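Residue-level listing of the chains:
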Amino acid sequence: MSARVDVLVVGAGLAGLECARRLGEAGARVMLADRKPTVDHAVHTTGIFVRRTLESFSLPDDCLGPPVRRVALYSPRGRSLTLESPHDEYRVGRMGPLYCRGLDACVRAGVQWAPSTSLAALEPDGAGSAATLERAGRRERLHARFVIGADGAVSRVAPALGLDENREWIVGVEEVFRGVRTGHAPAFHCWIDPEVAPGYIAWVVDDGEEVHVGVGGYASRFKPAEALRRFQARVAPRFGLQGVAPCERRGGRIPVGGVLPRIACARGLLTGDAAGAVSPLTAGGLDPCIRLSALAAEVTTEFLATGSEAALASYDGSALRARFRTRLLIRRVLSAVRSPAAAELAVAALRLPPFRAVAHNVFFGRGSFPDVARQA
């Protein structure tokens, strides 16, 4: 490990990889550290990329599944509503290979990769921070002019920098099946059922190559592993999963309280889940992750060049949060649906033309996360 870097990026998920690559390409000395031994170890996300992301950013096509245009919503009793778009709306990322490709790009850009490395401490140190990094039982000190926390919903960087922390989240768990032919057209199947997914949804994501079966909800109101077992038993016959062993299990916390108000200071900033950059309504995080990380790299580059905190002014969580009011309100409504009867009525209402249009906009609209481009 080097003793001094311009930027220490903590966390090598999609957010950390995006920031580190962009900063390395801009000429900064960057270290990317993660507790995991490899970037494709213990993937947490389903990896759903929406049309807006696919149109705005260049992602390797061989790390993406087939396009999906259809969403099917189900009530607790199995009554369904199918929505279909004329566009290719979604593609499921093959996240392990995608992360590995992202790391390769970071290394080519000169980023120093520090796997199996955790942040033990972070303290003010002149113009920057002194980071204590731990690897294989050994601790080393590193001076970083700037620190980027891309270390997930429960960030260690956030409190060390005096920035805001996530306080509201749901917990998701899913299992991944490969090589299964379900007999259905590619679609995202979503169950609104507070008994198996309180405050969120249960899902079967079937793109024709992979099948993801999962549940999500507020941790205080269900036991995720037990809920997943019961949900799988319900859907296995429909999707040909009886007797099929999953190849992977994923899970983790998903912040749903919206972008945090204070996500930057003179010593560093937060991005991705650490910044709460997740749609409060859909809990989709990949589009906001990439958009906010691109902005994070831009303002960090300017800050390193000028030393002026004015460079960080546009990285304002409060301004972004103000554009989430409607989605935060709907999140509160969803969290209040606690009975199957109420969920049944909600799905029935969505079949009516005015509400069907709302559902269509939620799943196929282009405003799940606001534009974060800097204003001239």
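The residue numbering used here restarts from 1 in each chain and proceeds along that chain's sequence as written. pLDDT decides what is reported in this predicted model: residues at 70 or higher carry local features, side-chain atom pairs at 80 or more are listed and counted, and totals for whole chains, interfaces and linings draw on all residues regardless. Water and hydrogen atoms play no part in the side-chain values, which are based on all heavy atoms of the structure.

Novice: So what exactly am I meant to see when it comes to the overall build of the chain here?
Specialist: Think of it this way: any DSSP run of H or I at least four residues long counts as a helix, any run of E at least two long counts as a strand, and we number them from the N terminus. A count of helices and strands for the chain gives 10 helices and 17 strands. Values of the radius of gyration come from C-alpha atoms, whereas the globule rule sets the reference at 2.2 Å times the count of residues to the power 0.38. Radius of gyration (C-alpha) of the chain: 21 Å, near the 21 Å computed for a compact globule of 376 residues. Structurally, the chain occupies a C-alpha span of about 60 × 40 × 40 Å along its principal axes. Counting the 376 residues in the chain, one finds 53% classified as buried. Think of it in three bands: residues with accessible area under 20% of the maximum for their type are buried, residues over 50% are exposed, and the middle band is partly exposed, with areas taken using a 1.4 Å probe on protein chains only.

Novice: What exactly am I supposed to notice about helix H6 (residues 286–306) here?
Specialist: Because each turn of an α-helix spans 3.6 residues, side chains separated by three or four positions in sequence point in the same direction. Take the number of residues in a helix, subtract one, and multiply by 1.5 Å to get its expected span. Spanning 21 residues, H6 covers 30 Å between terminal C-alpha atoms, matching the ideal 30 Å at 1.5 Å per step. Across the 21 residues of H6, 15 count as buried, placing the element largely inside the fold. Positioned one or two residues after H6, Gly307 has a phi angle of 75°, which is positive.

Novice: When you look at a nonpolar patch on the surface in this model, what are you seeing that I'm missing?
Specialist: Like-charged residues within 9 Å of one another, or nonpolar side chains (Val, Leu, Ile, Met, Phe, Trp, Tyr) within 5 Å, are grouped into patches, provided each residue has over 30% relative accessible area and no salt bridge. Exposure was quantified through the Shrake-Rupley algorithm and a 1.4 Å probe, taking into account, for residues, occlusion by the shown protein chains and nothing else. Every case where a carboxyl oxygen of Asp or Glu lies within 4 Å of a side-chain nitrogen of Lys or Arg is listed as a salt bridge. A surface patch of nonpolar side chains, amounting to about 280 Å² of accessible area, comprises Leu352, Phe355 and Val358. Summarising the element assignment, Val358 is placed in helix H10 (residues 353–364). Residue classification places Val358 among the partly exposed positions, given a relative accessible area of 46%.

Novice: Would you mind going over the pairing of strand E13 (residues 202–206) with me for this structure?
Specialist: In terms of burial, E13 is largely enclosed, as 5 of its 5 residues are buried. With 5 bridges joining them, strand E12 (residues 187–191) and E13 adopt antiparallel strand pairing. Looking at the pairing, Ala187 lines up with Asp206 of E13. By this definition, two strands are paired if DSSP reports at least two bridges between them. Where E13 lies against strand E14 (residues 210–217), 5 bridges are found, and the strand directions are antiparallel. Across the sheet, the residue bridging to Val204 is Val213, located in E14. Between E13 and the antiparallel strand that follows it, E14, lie 3 residues; Gly208 among them carries a positive phi value of about 95°.

Novice: Before we go on, may I ask you to explain the pairing of E14 in this structure?
Specialist: Successive side chains on a regular strand alternate, one facing one side of the sheet and the next facing the other. The buried count for E14 comes to 8 of 8 residues, which makes it a mostly enclosed element. By the alternation rule, side chains of E14 split into Glu210, His212, Gly214 and Gly216 and Val211, Val213, Val215 and Gly217, which are all buried. Bridging between strand E11 (residues 169–178) and E14 involves 8 bridges; their strand directions are antiparallel. When the bridges of E14 are listed, Val171 appears paired with Gly217.

Novice: Even after reading the chapter, I still don't get the pattern of salt bridges, so can you show me in this structure?
Specialist: Pairing is possible between side chains of opposite charge, provided their charged atoms come close. Evaluation of the coordinates by the stated rule reveals 28 salt bridges. Residue Arg29 pairs with Asp6 through a salt bridge whose shortest N-O separation is 3.2 Å. Residue Arg29 is located in the loop between helix H1 (14–25) and strand E2 (30–33), and its partner Asp6 is located in strand E1 (residues 4–10); the two are separated by 23 residues in the primary sequence. Within this structure, Arg94, Glu174, Arg178, Asp207, Glu209, Glu210, Glu248 and Arg250 form a network of salt bridges that share partners.

Novice: Explain the side chain of Thr300 here, please?
Specialist: By the element assignment, Thr300 lies in helix H6. Every residue pair with non-hydrogen atoms within 4.5 Å of one another is taken to be in contact. If sequence neighbours within four positions are ignored, Thr300 has contacts with Val7, Leu23, Phe146, Ile148 and Leu269.

Novice: Just to check I follow, could you spell out the sheet that holds E13 for this structure?
Specialist: By way of backbone hydrogen bonds, the strands of a sheet pair with one another, either parallel or antiparallel. With respect to topology, 7 strands assemble into an open sheet ordered E5-E4-E12-E13-E14-E11-E15, the strand pairing being mixed. The strands lining the two open edges of the sheet, one partner per strand, are strand E5 (80–84) and strand E15 (248–255). Strand-to-strand twist of the sheet, defined as the mean angle between neighbouring strand axes without regard to direction, takes the value 15°. Here an axis means a line fitted to C-alpha atoms, over the contact stretch when the element is a helix, while the angle between two N-to-C directions is reported on a 0 to 180 degree scale. The strands touched by H10 within the sheet are strand E4 (70–74), E5 and E12, with E5 carrying the most contacts at an inclination of about 55°.

Novice: Just checking my understanding: could you explain the side chain of Thr46 for this structure?
Specialist: Positionally, Thr46 belongs in the loop between E2 and strand E3 (48–50). Judged by relative accessible area, which is 12%, Thr46 ranks as buried. Among the polar contacts listed, one links the side chain of Thr46 to the side chain of Glu174, at a separation of 2.6 Å. Setting aside anything within four residues of it in sequence, one finds Thr46 in contact with Val92, Gly93, Met95, Glu174, Trp203, Val205, His212 and Arg250. Residues adjacent in sequence count toward polar contacts only when both atoms are side-chain atoms; beyond that, a polar contact is any pair of N or O atoms within 3.5 Å, and within protein one must be able to donate a hydrogen and the other to accept it.

Novice: Got a minute to help me understand the nonpolar core in this structure?
Specialist: Generally speaking, a soluble globular protein has its nonpolar side chains buried in company with each other. Buried Ala, Val, Leu, Ile, Met, Phe, Trp, Tyr and Cys residues form a nonpolar core when they are joined through side-chain atoms within 4.5 Å. Leu8, Leu32, Phe49 and Tyr315 are the most contacted members of the largest nonpolar core, which totals 70 residues. It is H6 that contributes the most residues to this core, 9 residues altogether. Discounting chain neighbours no more than four positions away, the residues touching Tyr315 are Ile263, Ala264, Leu269, Leu270, Thr271, Leu292, Leu295, Ala296 and Val299. If you look at the next biggest cluster of nonpolar residues, it comprises 24 residues, including Val92, Ile170, Trp203 and Ala343.

Novice: Quick question: what am I supposed to make of unusual backbone geometry here?
Specialist: Trans peptide bonds make up most of the peptide bonds, and negative phi angles are found at most residues other than glycine. Positioned with a positive phi, Ala42 is a non-glycine residue whose angle comes to about 55°. Mapped onto the elements of the fold, Ala42 is located in the loop between E2 and E3. Even without being a glycine, Ala283 presents a positive backbone phi close to 65°. In this fold, Ala283 is placed in the loop between strand E17 (268–270) and H6.

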